[in-house]
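Structural characterization, general
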Amino acid sequence: QAEAILPIGLAILEALLTFAGVVAVLMVIVGAFKYIITQGEPDKAKDARSTIINTLIGLAIVILASAVVSFIGGRLK
């Protein structure tokens, strides 16, 4: 039974990582929208850039984690 739990756990983890990727893309869109509506205000523009940069860093982490999960899943089959 322990052999069946690991692939199920990896599948759940991969689904969560996919969801995190979708959320990250949506957050980039939100950050871009915030940047568009700043109307030249430096504080708001800085906040919007920060949102976009932090989201891109998070997206890179999600992509890396997804690759690791796929690699481990491929080794178990």
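In this report, we go over the structure that sits alongside the text. (Residues numbered from 1 in each chain as written. Predicted model: local features only at pLDDT ≥ 70, side-chain atom pairs only at ≥ 80, totals over all residues. Heavy atoms only, no water.)

1. Some words on the side chain of Thr-55
In plain terms, the rule: Helix and strand labels come from DSSP, where a helix needs a run of H or I of at least four residues and a strand needs a run of E of at least two; each type is numbered from the N terminus. Exposure categories follow from relative accessible area, calculated using a 1.4 Å probe and restricted to protein chains: below 20% of the type maximum is buried, above 50% is exposed, and the middle band is partly exposed. Residue contacts follow a heavy-atom distance rule, with two residues in contact if any of their heavy atoms lie within 4.5 Å.
If you trace the backbone, Thr-55 turns up in helix α2 (residues 42-76). Look at Thr-55 and you get buried, because its relative accessible area is 11%. Each residue touching Thr-55, except ones within four places of it in the same chain, is listed here: Ala-24, Met-27 and Val-28.

2. Considerations on the pattern of salt bridges
Here is the rule: Each reported salt bridge corresponds to a side-chain nitrogen of Lys or Arg within 4 Å of a carboxyl oxygen of Asp or Glu.
Taken as a whole and assessed by the stated rule, the structure comprises 2 salt bridges. With a closest N to O distance of 3.1 Å, Lys-34 and Asp-47 form a salt bridge. Highlighted residues: Lys-34 in helix α1 (residues 2-36) and Asp-47 in helix α2, separated in sequence by 13 residues. We classify Lys-34 as partly exposed; its relative accessible area is 27%. Overall, the relative accessible area of 40% leaves Asp-47 in the partly exposed class.

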